[in-house]
Amino acid sequence: QAERLDPALEGRDLRLTGRVSGLPQRGEAGWRFGFEVEQAAGLDGTPVRLPPRVQLGWYGSVATADETDAERPLAAELRAGDRWQLTARLKAPHGNLNPHGFDYELWLWEQGVGATGYVRAGPRDEVPQRLAHTWRHPVERVRQAVRDAIFDYLAPDATDAQQQRLAGVVAALVTGDQRAIERSEWDLFRTTGVSHLMSISGLHITLFAWLAAAAVGAAWRRSQRLCLAWPAPSAALVGGLLLAGLYALFSGWGVPAQRTVAMLATVVLLRLSGRRWPWPTVWLLACAVVLLADPWALLQPGFWLSFIAVAVLFATD
């Protein structure tokens, strides 16, 4: 609660220095991205205290300080981990709260976002400057590179709506970036009952873990020295778990991914130790691990859908 925006700073132009966090989202109106604030000051240079993380919109074109054109054409793209200095106008997080609808303000609270706002990049504003490329968010940078490569390959023509929709679905399935899918596509998926297949769920990660374990086991058996050092079945279990964990991390580390990795890790540890636990114990342990990592997961509908669905599957097996 202490990391919220001071009401006295709302609506003021502030000079921020910090890093782009998360996966920047580019839309028709501009960019939306998370920003980790390192330093902040008023336009007169007076330091101010801001929340450590804010959510910003950058509408229109993105330009660097070496641009001299009055229209400031697109000269640079936002990359996760890049360090910027820019002018922004902030406000306290607000959102619509409708019955059975998405609570945007609660979601910002769960993400640790203490303020929202937009970048001031008009003709009379100081031009934002990209200070340096950093690797403070390596996973997000890799996800963004893969997502952009998918769009470049599948939708080279930015004006082709069909290509953009197809690229968005593929990007969501590969990188877990659900916001790459357009709203009209989500409406279609909900109507047809396949929306859960468009996000990286426990099904995807479990299937990946099974394939990875089979591949690691097959490769391990080709080496006599490795088999003598450690049994191939044990190596396959650990290798599948590690690769599944990396895939879950790459896909955004959502609640379904956390739950699946926790359950897979429990099963692997039990198998390696020669123990057999009843499924309610494994289920509760995975639930506890997820909540220790992210207590706010209790407020997410996906948390309850994931764990209740798994419990039903276990109970009816």
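Each remark here, short or long, concerns the structure printed above.
Cut-offs used in this document
- Residues numbered from 1 in each chain as written.
- Predicted model: local features only at pLDDT ≥ 70, side-chain atom pairs only at ≥ 80, totals over all residues.
- Heavy atoms only, no water.
- Pairing = 2+ DSSP bridges.
- Helix = DSSP H or I, 4+ residues; strand = E, 2+ residues; numbered from the N terminus.
- Polar contact = N/O pair within 3.5 Å; in protein donor to acceptor, adjacent residues only side chain to side chain.
- Contact = heavy atoms within 4.5 Å.
- Axes fitted to C-alpha atoms, helices over the stretch in contact; angles between N-to-C directions.
- Parallel < 35°, antiparallel > 145°, perpendicular 65-115°, else oblique.
- Left-handed = near helix turned anticlockwise from the far one by under 90°.
- Nonpolar A, V, L, I, M, F, W, Y, C, P; charged D, E, K, R; others polar.
- Phe/Tyr/Trp six-rings, centres within 6.5 Å; stacked < 30°, edge-to-face > 60°.
- Buried < 20%, exposed > 50% of the residue type's maximum accessible area, 1.4 Å probe, protein only.

Enquirer: Explanation requested: the pairing of strand 4 (residues 83–91) in the structure shown.
Expert: For a regular strand, side chains alternate in direction, first toward one face of the sheet and then toward the other. Where strand 1 (residues 13–26) lies against strand 4, seven bridges are found, and the strand directions are antiparallel. Directly across from Arg-19, in strand 4, lies its bridge partner Arg-83. For strand 4 and strand 6 (residues 129–132), the ladder comprises three bridges, and the chain directions are antiparallel. From the neighbouring strand, Gln-85 faces strand 6, where its bridge partner is Gln-129.

Enquirer: It is not clear to me how the environment of Pro-231 should be interpreted in this structure. Could you clarify?
Expert: Here Pro-231 lies in the loop between helix 6 (224–229) and helix 7 (232–250). C-alpha of Pro-231 to C-alpha of Thr-17: the two residues are 214 residues apart in sequence and 52 Å apart in space.

Enquirer: How should the side chain of Arg-141 be read in this particular structure?
Expert: Turning to its location among the elements, Arg-141 is positioned in helix 2 (residues 138–154). Looking at Arg-141, its side chain comes within polar contact range of the main-chain oxygen of Ala-80, at 2.8 Å. Discounting residues that sit within four places of it in the chain, Arg-141 has contacts with Arg-79, Ala-80, Gly-81, Asp-82, His-133, Thr-134 and Trp-135.

Enquirer: Even after reading the chapter, I still don't get the packing of helix 8 (residues 255–273) against helix 9 (residues 279–293), so can you show me in this structure?
Expert: The packing of two helices is summarised by the inter-axis angle and the distance between the axes. Between helix 8 and helix 9, the least distance of the axes is 9 Å, while the angle of their chain directions is 130°. The angle between helix 8 and helix 9 places the two elements in the oblique class. The chirality of how helix 8 crosses helix 9 is right-handed. Touching Gln-258, Arg-259, Ala-262, Met-263, Thr-266 and Leu-270 of helix 8 are Val-282, Trp-283, Leu-285, Ala-286, Val-289, Val-290 and Ala-293, all from helix 9. In terms of residue class, the contact of helix 8 with helix 9 is built from 10 nonpolar, two polar and one charged.

Enquirer: I would appreciate a short explanation of the packing of aromatic side chains in the present structure.
Expert: The geometry of two aromatic rings is summed up by the distance between their centres and the angle between their planes. On inspection of all chains with the given rule, the structure shows 11 aromatic pairs. Ring geometry for Trp-58 against Trp-84: centres 5.4 Å apart, planes inclined by 80°, an arrangement best described as edge-to-face. A residue pair is termed long-range when its members are at least 10 positions apart, and Trp-58 in strand 3 (residues 53–59) and Trp-84 in strand 4 qualify at 26 residues. Ring plane angle 75° and centroid distance 6.4 Å describe the contact between Trp-220 and Trp-230, whose orientation is recorded as edge-to-face. Taken together, the residues span a long stretch of sequence, with Trp-220 in helix 5 (residues 202–221) and Trp-230 in the loop between helix 6 and helix 7 at a distance of 10 residues. With relative accessibility at 35%, the residue Trp-230 sits in the partly exposed group. What links up through ring pairs into an aromatic cluster is the set Trp-283, Phe-303, Trp-304 and Phe-307.

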